[in-house]
Amino acid sequence: MVLNVLQKRGPRGLVAVCMNCRYWRPSPHYPYAGYCILHGKVTLEDDSCSMHSPLRLKRNQFYWCSSCKTRVSSEEAGAHASQGHKLYLGAYVEKDVREEIYDAF
Amino acid sequence: MARSFLEYKTDAWVQWCPGCGDFGILNAIHRALAELDIDPRNLVVVGGIGCSGRTTFYVKGSNLHALHGRAIPLATGVKLANPRLKVVIAGGDGDLLGIGAGHFVAVGRRNVDITVIVFDNAVYGLTKGQAAPTLPSGVKTKALPGPNIQDAVNPLLLALASGYTFIARGYAYHTAQLKEMIKAAISHRGTALVDVLQPCPTYNNVMTNQWYEERVYYLEEEEWDPVVKTPEEYRRKVPLIAAKMLEWGDRIPLGVFLKDETKEPFEERLERQMPGYMDNPPSSRPISVDGYPLADPWKVFEEKVVKKVEASY
Amino acid sequence: MVDLKILIGGPQGGGIESAGQIALKAFVLKGYHVLGSREYQSNIMGAHSYYLVRVMRRRPRALTLPVDVLVALDAESVLTHFEEVRPGGFIVYDSGTANVKASTIAPMAKPLKERLSEFFGRRGSEPTVSEALKVAEERGVTPIGLPMKQLLRRVAEATERPLASISRTVNIMGLAAGLYLAGVELEYVKDAIVAQFSAKPKIIKPNVVAASMAVEHVSELHEGLPRLEDGPLKGKQLMVATGNELVAMAKLVGGLSVQTYYPITPSSDEALYLEEHRYFELNDVAKERLGLEKMGIVVLQTEDELSAINMAIGAALAGARAATSTSGPGFSLMNEAISYAVTVEAPILITLWMRAGPSTGIPTREGQQDLLHALFSGHGDTPKIVVASGDHLEAYWDTIKALEWAERFQTPVIHLVDKYLASSMISIEKREIEPRGYPIMRALKTDGDLRYKVTEDGISPWVPLGSSTMVITGLEHTEDGFATEDPVARDAMMEKRRRKMETIKREIPEEERVRVYGARDADVVLVSWGSTKNPILSAMEALEGEGVGTRFVQIRTFFPFPEDTVSRELSEAKTVIGVEQNLLGQAAFLVRAFTGYRVRHMILKLNGRPIFDDEIVYGVKRILETGEETVVVRGGS
Ligand SMILES: Cc1ncc(C[n+]2csc(CCOP(=O)(O)OP(=O)(O)O)c2C)c(N)n1
Ligand SMILES: [Zn+2]
């Protein structure tokens, strides 16, 4: 199954912004910002650049569903995408996150 | 020889059953201590709960009789507090490998400098002969209603996997050889296991003295060098050692399987992290000066003080 | 009178902790006392968590709702807390979340979603952020939208670099806006940011820029808000520390040399903090007198709680000052060893950080359910000292005292503290933790070498392992420690145990064991223990203002129980009300057991959230009006 993960559409279809790019990983907490693994920097979901490469849904792949805040396999990803959920190839966990988390059990 | 082994006997009545292997182990312990010339005040024998744990009362030392299964952590606490003491654990296979198995593993990971002597009679003696974790499956002793349905654990392999740096197996009535193993174990710096096979004439009518005598042999009879001096040597030898440890049945090997000199004992790790630990160990270090604490909290915990800091950014 | 309350909510891991700490620091720098508290779920990432901050001229005694400012970093925070803001207050929220529906928030608890649907359904609308804000607005609250994404872009542009951190920019913007609305000038926020991130200079600048942008944005909308005047402690240095940290500090100060632990919430942070400081620098006097620069504490993570307590006992018997810390489930595992410690007379301290049970329960939430468990822990007759601290500073001093009691009486001491004290933090002045008055000394009796000698006061000579030959056993024993089943020797030891308890009772003064507050002639007497203390004291002031005179009996040691004072205080009162965070009324149960007095009324809180002062006020008034036996209060989200 190969299908576009439609997230932000313009009048002529998918817009080439970070949130539609396979190099982009949103923050799990504040998903309008994320990390571009290609450029190695934080960008915003509607930023764009010349290296944009559209994100497609493939087999044998895990996705981060930012709407559900959980990881899903490609078998389930289609169902999430069709409900308008935002899917990415991963999420961006900041390196100091440990300092913001409490012991939990 | 500076001391007689009689100096390590106490006046408590040694109350084991006639023919119990514990007598042989006790004798070997007494003799080993005498030959090592250990001051009984510097010796802590930590016994488990079980027939074997009574050893606490039969060896002169500054001794501690633990709860069932807890000899290892109790002994570790003593050793951490006062690393100068010689600490020897005497416990049963049920105590150390059943209810206390988690600690048996953990102590190896730390390589604390203590000696663990397992009185391995394959049964729970004090509670009348139930199967212990070292009783092979299928064996039906008199006391069991049916053949043992659970498999045995291999104490030597468990120790190897857990990181013990000295691993030996003896036989209770070969006291001369056992004494030497115990001496070597106590002298070794790091966690040492001596698994001592022993008959329990009252409850284990299968693994009797005769049964063992027909099977045991010593590693020295073959070519065997248990000493490991480098990590590379460890990697090379460990498969052979493990294979030897697995040998059981018609032939049961005894002797020192491993003496690993590559790993730092726990006490040295602490000394490295906190220089001065050995000179001022927790048991005797000062805690205050004239009733005032050694440290000023406002200074030691300064990072909690909210201060305006000048910074250019 | 300054009494500011701020709630900062967001996803676990999303910068709530540093925002909370920065808020506390800003107020301390401005000269105020603070109380802060973390409320979070048993989750590592993404679930809703929040920080509650209260600010006053003197140290706040309790948390309370509603707040003046809610900083909601995400949609879930708005939908969780929109009703917890007072009229005239503010909600700072991300304007990008306005259309988010509760039903689409994955981490939000189902029961809350259902309650929200019902609530908004009655209004003919749906639970969305904007509907929630409408409700707040109708109650006189002003929503302040921050366009977070746009502001992030402007921060990146202004610093001419990509953002250094997402969470730690979003949180600062929300916080800075919130603090501005609370009347705090930007300069204090900046100073607090610098103090917070002094070890991470790279994120200081973007954070300061972010704070300025957020404040600029808000001030354009809201000019002329009243500014907060400087507080009375301006220029003075204060420490801000949690109960976990204060107990660790006290262990170090009190001469502890071995601490064992197995990780468990809410106790691990205590051990970890101690471990961070395990090799500490001596003060000048000690340096000179001992000829040493540093001293160490062995802090060891064990394989389980069985090991933790047995190791502590072994260390204590060898002469170390030893302790372990745990919470309910771990304490259950320690039970057998507690009985052992009583028999072998091991001086150990067990710090028991209570959390909400039964079983794994709600592990990150507040509860006071382990009192009976602590008191009756261990099989056989196992008397031991049980002391419960009422607040952070009591927890600090009780730790020091408990270490001394353990040694002096050669007994385990169980120190009861709880999740609320563990993870809430207060501002502290230097003198409050400076060890004056309470000498720290080895308290071991050294008049002989018969370890279990039968003595008049029940306390035997202390003979550590390694100093002479001996035997220590959990079996009944004769004076020399050897096992015995002789009936006469047995009686002698049992009676020695009784006499020891009498000695403890005699030697720990009644003032240490129970404290009484409030007017002597008050009609209402509240009986409680542990961390409800300060909320009760705060409630008493409020009740006084409403003409209800109250008195408060705070039980501090449950063994030895302060019978005389408790009996006297309660028997003279018209109305006696127990205040506890457990189902059974455990302290009331003990009051009855020890004094025969039956506490007829209870205010209970069971929902896992710390009790608020206004809930106690409500409970007392309700009981006086209706005569109800039990009022369960239910505040907090
Ligand atoms: C008796 C007891 N002690 C401690 C805890 C606290 N506790 C909960 S989870 C946990 C550690 C879990 O680690 P692991 O088993 O490796 O699971 P992971 O989270 O890594 O999957 C601990 C110590 C507890 N719940 N009960
Ligand atoms: Zn989804």
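Structure's up top.
Values in this document were obtained by computation on a predicted structure and should not be read as measured data. All chains use their own residue numbering, which begins from 1 and follows the written sequence. Just so you know, chain letters begin at A and ligand numbers begin at 1, following the order they were written in. Under the rules for a predicted model, residues below a pLDDT of 70 receive no local features and side-chain atom pairs below 80 are neither given nor counted, while totals for whole chains, interfaces and linings still include all residues. The side-chain figures draw on all heavy atoms in the structure; neither hydrogens nor water molecules are used.

What to know about the site of ligand 1
Link 1 in the chain: The full set of residues close to ligand 1 is F105(A), Y262(C), P263(C), I264(C), E305(C), P329(C), G330(C), L333(C) and R355(C).
Link 2 in the chain: A single heavy atom is enough: if one lies within 4 Å of a molecule or strand, its residue is considered near that molecule or strand. In this structure ligand 1 sits where residues from chains A and C come together.
Link 3 in the chain: In protein, a polar contact means a hydrogen-donor-capable atom and an acceptor-capable atom, both N or O and within 3.5 Å, with residues adjacent in sequence counting only if both atoms are side-chain atoms; elsewhere, any N or O pair within 3.5 Å suffices. The contact in question runs from a nitrogen atom of ligand 1 to an N or O atom on the side chain of E305(C), over 2.5 Å.
Link 4 in the chain: Its free accessible area being 600 Å², ligand 1 has 41% of it covered by the protein chains.
Link 5 in the chain: Among the elements that line the shell around ligand 1, the one with the most residues is helix α13 (residues 328-344) of chain C, at 3 residues.
Link 6 in the chain: Its residues assigned to classes, the shell around ligand 1 comprises 6 nonpolar, 1 polar and 2 charged. Residue burial considers only the protein chains on display, and all accessible areas are found by Shrake-Rupley using a 1.4 Å probe. Labels follow the DSSP assignment, with helices taken as runs of H or I lasting at least four residues and strands as runs of E lasting at least two, numbered in each case from the N terminus. In this classification, the charged set is Asp, Glu, Lys and Arg, the nonpolar set is Ala, Val, Leu, Ile, Met, Phe, Trp, Tyr, Cys and Pro, and all remaining amino acids, among them Gly, are polar.

Side note on the side chain of Q586(C)
Residues and elements named next belong to chain C.
Link 1 in the chain: Structurally, Q586 can be placed in helix α22 (residues 586-595).
Link 2 in the chain: Only protein chains enter the accessibility calculation, which uses a 1.4 Å probe. A residue is then buried if its area is under 20% of the maximum for its type, exposed if over 50%, and partly exposed in between. Under the relative-accessibility criterion, Q586 is labelled buried at 6%.
Link 3 in the chain: Only 2.9 Å separates the side chain of Q586 from the backbone nitrogen of L372, close enough to count as a polar contact.
Link 4 in the chain: In this analysis, two residues are considered to be in contact whenever any of their non-hydrogen atoms come within 4.5 Å of each other. Among all residues touching Q586, those that are not within four sequence positions of it are Q368, Q369, D370, L371, L372 and E580.

Concerning the sheet that holds strand β9 (residues 70-73) of chain A
Residues and elements named next belong to chain A.
Link 1 in the chain: Taken in spatial order, the 3 strands make up an open sheet running β9-β8-β10, and their pairing is antiparallel. Each edge of the open sheet carries a strand with a single partner, namely β9 and β10 (87-88).
Link 2 in the chain: By definition, two strands form a pair when at least two bridges between them are found by DSSP. Pairing geometry for strand β8 (residues 62-65) and β10, over 2 bridges, is antiparallel. Its bridge partner being in β10, C65 is matched across the sheet by L87.
Link 3 in the chain: What counts as an axis is a line fitted to C-alpha atoms, over the stretch in contact for a helix, and the angles between N-to-C directions run from 0 to 180 degrees. Those strands touched by helix α1 (residues 74-82) are β8, β9 and β10, and its axis lies near 115 degrees from that of β9.

Thoughts on the nonpolar core
Link 1 in the chain: Among buried residues, those of type Ala, Val, Leu, Ile, Met, Phe, Trp, Tyr and Cys that are joined through side-chain atoms within 4.5 Å constitute a nonpolar core. Ranked by internal contacts, the top residues of the largest apolar core, which has 99 residues, are V46(B), I313(C) and F558(C).
Link 2 in the chain: Top element by residues in this core is helix α12 (residues 305-317) of chain C. It accounts for 8 residues.
Link 3 in the chain: Once residues within four sequence positions are removed from consideration, F558(C) is found in contact with L371(C), L375(C), V386(C), A388(C), W529(C), A587(C), L590(C) and F594(C).
Link 4 in the chain: The next biggest cluster of nonpolar side chains, apart from the first, holds 85 residues, and it includes I287(B), L65(C), Y420(C) and I426(C).

Concerning the packing of helix α5 (residues 101-110) of chain B against helix α6 (residues 155-162) of chain B
Residue and element names in this part refer to chain B.
Link 1 in the chain: Running from N to C, α5 and α6 cross one another at 40 degrees; their axes reach a closest spacing of 8 Å. The orientation of α5 relative to α6 falls into the category oblique. The handedness of the crossing between α5 and α6 comes out as right-handed. Contact residues: F104, V105, G108 and R109 in α5; P155, L158, A159 and S162 in α6. In what follows, roughly perpendicular refers to angles from 65 to 115 degrees, roughly parallel to angles under 35, roughly antiparallel to angles over 145, and oblique to any angle outside these ranges. Rotating anticlockwise by less than a right angle from the far helix to the near helix defines a left-handed crossing, while the corresponding clockwise rotation defines a right-handed one.

Things to note about empty space enclosed by the protein
All names here are of chain C.
Link 1 in the chain: Using protein atoms alone on a 1 Å grid, points that fit a 1.4 Å probe yet trap it form a cavity, whereas open point sets bounded by protein on both sides within 12 Å along at least five of seven lines form a pocket; residues with an atom within 4 Å of a point count as lining. Grid points are joined across faces, edges and corners, and a volume is the space filled by probe spheres set on the points. As enumerated under the stated definition, the model contains 6 cavities of 30 Å³ or more in all.
Link 2 in the chain: What lines the largest cavity is V342, E345, P383, Q410, T411, P412, R497, K500 and M501.
Link 3 in the chain: Here the lining of the largest cavity gets 3 residues from one element, more than from any other, and that element is helix α18 (residues 487-507).
Link 4 in the chain: Domain limits in this description derive from either an automatic procedure or a database domain assignment. When residues of the lining of the largest cavity are assigned to domains, at least three fall in each of domain 2 (240-433) and domain 3 (451-508).

Some details on the arrangement of the chains
Link 1 in the chain: Between all 2 pairs of chains that are in contact, chains B and C come out with the most contacts.
Link 2 in the chain: Chain A makes no contact with chain B; the smallest distance between any of their C-alpha atoms is 15 Å.

Comments concerning the layout of surface pockets
Link 1 in the chain: Roughly 1400 Å³ of volume is contained in the largest pocket.
Link 2 in the chain: Forming the walls of the largest pocket are 37 residues, and the residues nearest its centre are K304(B), E17(C), Q21(C), E245(C) and E276(C).
Link 3 in the chain: Counting residues per element, the ones that place at least two in the lining of the largest pocket are β14 (305-306) of chain B together with α1 (16-29), α7 (186-196), β7 (238-242), α9 (243-253) and α10 (268-276) of chain C.
Link 4 in the chain: For the lining of the largest pocket, the per-class residue count stands at 16 nonpolar, 6 polar and 15 charged.
Link 5 in the chain: When residues of the lining of the largest pocket are assigned to domains, at least three fall in each of domain 1 (3-221) and domain 2 (240-433) of chain C.
Link 6 in the chain: As for the second largest pocket, its lining consists of 37 residues, and the residues nearest its centre are P31(A), K86(A), G96(C), T97(C) and V100(C).
Link 7 in the chain: Looking at the lining of the second largest pocket, the elements with two or more residues in it are α2 (75-81) and α5 (148-159) of chain C.
Link 8 in the chain: Partitioning the lining of the second largest pocket into residue classes produces 15 nonpolar, 13 polar and 9 charged.

Function cannot be read off these values alone, since they describe shape.
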